Structures are given as C-alpha cells and as structure tokens.
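Read off the chains here:
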Amino acid sequence: MYAYLALVDLARAYHHEHGIPDAVSWVTLADLGRNLAIDRRMRGEGWPIMQSWLTLHVRGSVYELGRLQHQRGDGAIGLHVPDSGPLTPESVAASLDEARAFFPRHFPDERYPAFSCASWLLDPQLREYLPEDSNIVRFQRMFELEPYREDDGPNGDVEVLRFGFRTLSTPLDELPRRTALQRAIIDHLRAGGHWHWRHGRFPI
Ligand SMILES: CC(C)(COP(=O)(O)OP(=O)(O)OC[C@H]1O[C@@H](n2cnc3c(N)ncnc32)[C@H](O)[C@@H]1OP(=O)(O)O)[C@@H](O)C(=O)NCCC(=O)NCCS
C-alpha cells in the first residue's frame with residue numbers, strides 16, 4: 001500500500017504529460033482503495049494478484065473510462081471489468097466509445113486495431129447456465145474467442161471463486177447459492193466440470 005501511495009505523484013505527473021483529465025486520473029488510481037476493500041473481504045487471500053494488477057495503474061498502462069478499465073497493450077486495448085455494479089450493454093458501449101476517442105487523443109503515437117479481454121467472464125460454458133439476456137452473456141457475444149489453451153492464463157476454477165464468491169478457500173458445500181452465477185459455478189464444479197480462462201477480441 002505504501003509503495004503504491006509513494007508512486008501516486010509520479011503516476012500523476014505521467015498522466016499530466018499525456019493530458020489525461022484529472023477525473024480520469026483519480027478514478028483510475030482509486031482502484032487501489034477498491035482492491036483494498038475487496039482484499040479485506042477476502043481476508044488477505046486476494047493480495048498476491050492484486051499486488052501485480054495494481055502496478056499497471058501506476059505505470060500509466062490502465063485507464064478507467066466509465067464502466068471498464070482499458071489497458072494499453074500489444075496490438076490491442078485490453079478490457080478489464082472492475083467490481084462496480086452491473087455490466088449493462090449500454091455502460092459497456094459508452095466506455096468503448098470513450099476509449100475510441102481517448103487513446104488517439106492522449107497516446108497519438110500508438111495504434112490499437114482491436115479490443116481484447118482475457119477472463120473467466122468469456123467462458124462460453126456460462127451460457128449453459130445463465131439466461132441469454134444476462135449481462136455476462138451479452139458481453140461475451142461481442143468477442144471472437146481464441147482457441148482454449150489450458151496453460152494460457154490463470155486457473156479458471158480458482159478465478160470463478162475469486163470473482164463469484166470472493167473466497168479461494170471456502171469448501172464448495174459452504175458457499176452461498178444466492179445468485180444464478182453462484183449456483184452455476186458450484187453445480188458445474190460438483191459435476192466434475194472445470195471453468196476456463198478465455199481470451200477474445202473484436203475490432204475497434
Ligand atoms: C462482471 C459483473 C459486473 C457481471 O455482473 P452482472 O451485470 O450482474 O451480470 P449478469 O447480468 O450476467 O448476472 C447473471 C446472474 O449472475 C449473478 N452474478 C453476476 N456476477 C456475479 C458475481 N460476481 N458474484 C455473484 N453473482 C453474480 C447475477 O446476480 C445474476 O444472478 P441473479 O439473476 O440470480 O441475480 C460481475 O460479475 C462482477 O462485478 N464481477 C467482478 C469483477 C470481475 O469479475 N471482473 C473480471 C475479472 S477477470
């Protein structure tokens with residue numbers, strides 16, 4: 001935490017050099033507090049991944065534009081979904097539009113032909129459990145998926161527990177079954193299935 005706080009002035013100076021509006025700068029850096037709160041809910045279990053994720057913000061790689069966080073990547077803008085309410089198609093579309101204007105304006109030397117995403121959210125197996133009009137399924141439909149490779153990303157079974165329950169260590173039969181996603185995650189694992197971390201992209 002202290003290391004990140006010590007880097008705020010440097011990150012702010014970098015944002016300033018690129019003409020990033022103050023509001024974008026602060027809302028982006030405020031992900032530190034959001035992640036700290038999540039880590040408290042997870043009783044410290046989430047910290048190792050958060051620690052590396054948060055380096056992107058202070059290096060000027062990630063910008064939060066409306067509903068999504070956008071990462072300057074290799075040949076694509078990487079999309080990240082913060083834990084900040086429902087992922088409505090309207091909020092996603094507005095965020096993508098913001099990014100289409102933001103990156104050419106603030107990083108004119110960089111070219112991004114595509115948006116990309118890597119997430120448990122893109123696992124098509126979710127469609128066997130969630131309604132077609134759920135926000136996650138509608139988000140999935142925007143992407144063309146790359147073929148699944150087991151070694152290409154974190155373990156999907158661990159990530160669905162992280163994002164669907166905010167625990168990594170609670171036994172399956174003690175997890176809550178409050179939402180359609182929670183029931184899907186538990187039932188799929190109980191039936192011997194596995195969740196997959198998938199990569200996808202679509203043209204800007
Ligand atoms: C991505 C996210 C905003 C989608 O939520 P949403 O807009 O409600 O999604 P949907 O409309 O598809 O939800 C379908 C069902 O799953 C439930 N659900 C969705 N995300 C959930 C989550 N993270 N935990 C528990 N239940 C969830 C919904 O409540 C709904 O169930 P219900 O009809 O029984 O209420 C949400 O999952 C979230 O905040 N995730 C944390 C961040 C994250 O996972 N980022 C990606 C990291 S790689």
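Residues numbered from 1 in each chain as written. Predicted model: local features only at pLDDT ≥ 70, side-chain atom pairs only at ≥ 80, totals over all residues.

**Side note on the overall build of the protein**
Along the backbone of the protein there are 9 helices and 6 strands. Radius of gyration (C-alpha) of the protein: 18 Å, near the 17 Å computed for a compact globule of 204 residues. Counting only C-alpha atoms, the protein reaches 55 × 40 × 30 Å along its principal axes. Burial status across the protein gives 25% buried among its 204 residues. Contacts in the protein between residues at least 24 apart in sequence constitute 68% of all its contacts with a sequence separation of at least 6. (Helix = DSSP H or I, 4+ residues; strand = E, 2+ residues; numbered from the N terminus. Rg over C-alpha atoms; globule rule 2.2 N^0.38 Å. Buried ≥ 20, exposed ≤ 12 C-beta atoms within 10 Å, placed from the backbone. Contact = placed C-beta atoms within 7 Å.)

**Some words on the sheet that holds strand 3 (residues 77–80)**
Spatially, 1-2-3-4-6-5 is the arrangement adopted by the 6 strands of the open sheet, whose pairing is mixed. In this open sheet, the two edge strands, each paired with only one partner strand, are strand 1 (62–65) and strand 5 (144–145). (Pairing = 2+ DSSP bridges.)

**Comments concerning the nonpolar core**
Grouped together as the largest cluster of nonpolar side chains are 25 residues, with contacts concentrated most on Ile77, Leu79, Trp120, Leu121 and Val160. Among the secondary structure elements, those contributing two or more residues to this core are strand 1, strand 3, helix 6 (89–106), strand 4 (114–119), helix 7 (135–140), helix 8 (156–165) and helix 9 (180–190). Residues contacting Leu121, with those up to four places away along its chain left out, are Val81, Ile136 and Phe139. (Core = buried A, V, L, I, M, F, W, Y, C linked by C-beta atoms within 7 Å.)

**Quick word on the environment of Arg67**
With respect to the helices and strands, Arg67 occurs in the loop between strand 1 and strand 2 (68–72). You can call Arg67 buried: it has 21 C-beta atoms within 10 Å. Residues Arg67 and Gly85 lie 18 residues apart in sequence; the distance between their C-alpha atoms is 8.8 Å. Residues in contact with Arg67, not counting those within four places in the same chain, are Leu87, Ser91, Val92 and Ser95.

**A word on the site of the ligand**
Taken together, 17 residues surround the ligand, and among them Ser134, Asn135, Ile136, Phe163 and Leu181 come closest. Secondary structure elements with two or more residues in the shell around the ligand: helix 7, helix 8 and helix 9. Among the elements that line the shell around the ligand, the one with the most residues is helix 9, at 3 residues. (Near = placed C-beta within 6 Å.)

**Description of the pairing of strand 6 (residues 198–203)**
Where strand 4 meets strand 6, 6 bridges bridge the pair, whose relative direction is antiparallel. Looking at the pairing, Cys117 lines up with Gly200 of strand 6. As paired elements, strand 5 and strand 6 share 2 bridges and run antiparallel to each other. Within the sheet, the bridge partner assigned to Leu145 lies in strand 6 and is Gly200.

**Considerations on helix 8**
Along helix 8, the residues that are buried comprise Glu159, Val160, Leu161 and Phe165. If you follow the buried residues of helix 8, they end up packed against helix 9.

**Some remarks on unusual backbone geometry**
At Arg43, a position not held by glycine, the phi torsion is positive, near 50°. Summarising the element assignment, Arg43 is placed in the loop between helix 3 (31–41) and helix 4 (47–53). Looking at Arg43, the number of C-beta atoms within 10 Å reads 12, which means it is exposed.

**Some thoughts on the environment of Glu17**
Note that Glu17 resides in helix 1 (residues 2–17). Glu17 gets classed as exposed once you count the C-beta atoms within 10 Å, which come to 10. Counting along the chain gives 128 residues from Glu17 to Leu145, while the straight-line C-alpha distance between them is 36 Å.

Coordinates in, geometry out; function isn't part of it.
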